[in-house]
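Single-letter residue listing:
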Amino acid sequence: MSSRNRLKKLVLPSRISKPKLDLKQIAKTVIDKEASNEEDFECPLCFERMSPPFPRPLQRLIDALKKNEEAFNREQESKHKLLVQQSAEEGAFVAPLVLLKPGISENDQQVICRMHKVELVMKPLGKKRGYPAQVDFAAIDDRMKHFKQELVDVIEGKQESLFLTNALDVHKELGSVKARQATSMMNRFEETLPGYYGNRGSHYIMETLNEMFLKSNYLDKNKTKPLTPIEYAQQVLVPETGLRLIKQDFNLTNLQEASKVMKESSEYGSIVYSKIKKKE
Ligand SMILES: [Zn+2]
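What you see is a predicted model, and the numbers here were worked out from it, not measured in a lab. (Residues numbered from 1 in each chain as written. Predicted model: local features only at pLDDT ≥ 70, side-chain atom pairs only at ≥ 80, totals over all residues.)

Peer 1: In this structure, what is going on with the overall build of the protein chain? I would like to understand it.
Peer 2: Assigned secondary structure in the protein chain consists of twelve helices and two strands. Order of helices (α) and strands (β) in the protein chain, N terminus to C terminus: α-α-β-β-α-α-α-α-α-α-α-α-α-α. Buried positions account for 21% of the 280 residues belonging to the protein chain. Once local pairs closer than 6 in sequence are excluded, the contacts in the protein chain between residues at least 24 apart make up 74%. (Helix = DSSP H or I, 4+ residues; strand = E, 2+ residues; numbered from the N terminus. Buried ≥ 20, exposed ≤ 12 C-beta atoms within 10 Å, placed from the backbone. Contact = placed C-beta atoms within 7 Å.)

What follows is the structure, given as structure tokens:
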């Protein structure tokens, strides 16, 4: 055997030497494959393993990742081949190719992780609990006009609001400076999320509140103190609106029942509708 051939043998990637596998090994490979299905998908962020069938959006994402990986593998293989050729001519040894996984940016990892949680956990959960599969965010504006008077009653103190009581309690307890610090703002934000309408819902509701009450200065400091008008809108009127939208969606008879649904669905909303899409 010439040195060239011997070297070639050394550098051959193991995949190409398949015909050398004996039956025992093949049987073992089959069993291994069954134990860990090649079609399985592992999240690059939380490492959860998932088996098909996948919902379509997730399948598309997995396909794109696979394509990317295959292209990256081909690139590595052709680079390695070239290296082998050059080294063989020089009589040098080249280590067998160990394929590296393509790097996935942190942002993409988060997109992937969120996607599988939304598609495989949150959406089925929402379906089971009866949350609307599609939320018509653009319709929120019109819907709010129908219960505008109820919001006015809250602002005028004619109707009690638990959200207002809570916001005032926080202010009393912490003082306005601390109440406005990032951590307590974050906590309040969770509590005032309009349930399954999520952050995107908050955004749409705020836009309408802005048109209804803020732009005209109807909602002024005198009505909202010690909160600012914006804080009042975010912490009191957004969740009050959420209650009413949910009450309508579920045909509930009172706001207490809607409040239960809103609390239960706020995690769902914060994951499924976490992003703000621009109005078309
Ligand atoms: Zn994940």
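Having seen the model, we can carry on.
Peer 1: In this structure, what is going on with helix α3 (residues 56-90)? I would like to understand it.
Peer 2: In an α-helix there are 3.6 residues to a turn, and that puts residues three or four apart on one side. Between its terminal C-alpha atoms α3 stretches 51 Å, which fits the 51 Å expected from 35 residues at 1.5 Å a residue. Gly-91 sits one or two positions beyond α3 and adopts a positive phi of about 70°. (Expected span 1.5 Å × (residues − 1).)

Peer 1: Help me out: how do you make sense of unusual backbone geometry in this one?
Peer 2: Trans is the common state for peptide bonds, and a negative phi is the common state for residues other than glycine. A cis amide bond, omega 5°, links Pro-52 with the succeeding residue Pro-53. With respect to the helices and strands, the residue Pro-53 is situated in the loop between β2 (49-50) and α3. A cis amide bond links Lys-225 with the next residue in sequence, Pro-226, at an omega value of 10°. Not every positive phi belongs to a glycine, and Asn-217 is a case in point at roughly 65°. Tracing the backbone shows Asn-217 in the loop between α9 (198-214) and α10 (221-224).

Peer 1: I would appreciate a short explanation of the environment of Gln-234 in the present structure.
Peer 2: By secondary structure assignment, the location of Gln-234 is in helix α11 (residues 229-249). Its 22 C-beta neighbours within 10 Å are what place Gln-234 among the buried residues. Sequence-wise, Gln-234 and Met-206 are 28 residues apart; in three dimensions their C-alpha atoms are separated by 7.1 Å.

Peer 1: How should I be thinking about the packing of α11 against helix α12 (residues 255-272) in this particular structure?
Peer 2: Helices that pack against each other are described as a pair by the angle of their axes relative to one another and the distance between those axes. One way to put it is that α11 packs onto α12 with a least axis distance of 8 Å and a crossing angle of 100°. Between α11 and α12, the crossing angle belongs to the class labelled roughly perpendicular. Every residue of α12 that contacts α11 at Gly-242, Leu-243, Ile-246 and Lys-247 is listed here: Leu-255, Ala-258, Ser-259, Val-261 and Met-262. Of the residues belonging to the contact of α11 with α12, the class tally is six nonpolar, two polar and one charged. (Axes fitted to C-alpha atoms, helices over the stretch in contact; angles between N-to-C directions. Parallel < 35°, antiparallel > 145°, perpendicular 65-115°, else oblique. Nonpolar A, V, L, I, M, F, W, Y, C, P; charged D, E, K, R; others polar.)

Peer 1: It is not clear to me how α11 should be interpreted in this structure. Could you clarify?
Peer 2: Here α11 spans 28 Å end to end across 21 residues, near enough to the 30 Å set by a 1.5 Å rise per residue. Along its length, α11 shows its largest kink, about 30°, at Leu-237, and proline Pro-239 lies within four residues downstream of that point. The element α11 is largely enclosed, with a buried count of 16 among its 21 residues. Asn-251 occupies a position one or two residues after α11 and carries a positive phi of about 50°. (Bend = angle between axes of the 7 residues up to and from the residue.)

Peer 1: How should the packing of α9 against α12 be read in this particular structure?
Peer 2: Packing of α9 against α12 brings their axes to within 5 Å, and their N-to-C directions diverge by 85°. In terms of orientation, α9 lies roughly perpendicular with respect to α12. Residues Gly-198, Asn-199 and Gly-201 of α9 form the contact with α12, whose own contacting residues are Gly-269, Ser-270 and Val-272.

Peer 1: Please explain the nonpolar core as it appears in this structure.
Peer 2: General note: in soluble globular proteins, nonpolar side chains tend to be found buried as a group. Ile-140, Ala-167, Tyr-232, Ala-233, Val-236, Leu-237 and Ile-246 are the most contacted members of the largest nonpolar core, which totals 34 residues. Within the residue set of this core, elements represented by two or more residues are α5 (140-146), α6 (148-155), α7 (162-179), α9, α11 and α12. For this core, the element with the highest residue contribution is α11, accounting for eight residues. With residues up to four places along the chain from it excluded, the contact list for Leu-237 reads Leu-151, Leu-209 and Tyr-232. (Core = buried A, V, L, I, M, F, W, Y, C linked by C-beta atoms within 7 Å.)

Peer 1: Just to check I follow, could you spell out the environment of His-116 for this structure?
Peer 2: Checked against the element boundaries, His-116 lands in helix α4 (residues 106-129). Look at His-116 and you get buried, because 22 C-beta atoms sit within 10 Å. Note: C-alpha distance between His-116 and Leu-61 (55 residues apart in sequence) is 9.8 Å. Once residues within four sequence positions are removed from consideration, His-116 is found in contact with Cys-43, Met-50 and Leu-58.

Peer 1: What should I look at first to understand the confidence of the model for the protein chain in this one?
Peer 2: The predicted structure's coordinates, where accompanied by low pLDDT, should not be read in detail. Taken as a whole, the protein chain shows an average pLDDT of 84; of its residues, 83% reach a score of 70 or greater. In this model, residues 1-21 is a region of pLDDT below 50 whose contacts with residues beyond four sequence positions or in other chains number 14 contacts. (pLDDT = per-residue confidence, 0-100.)

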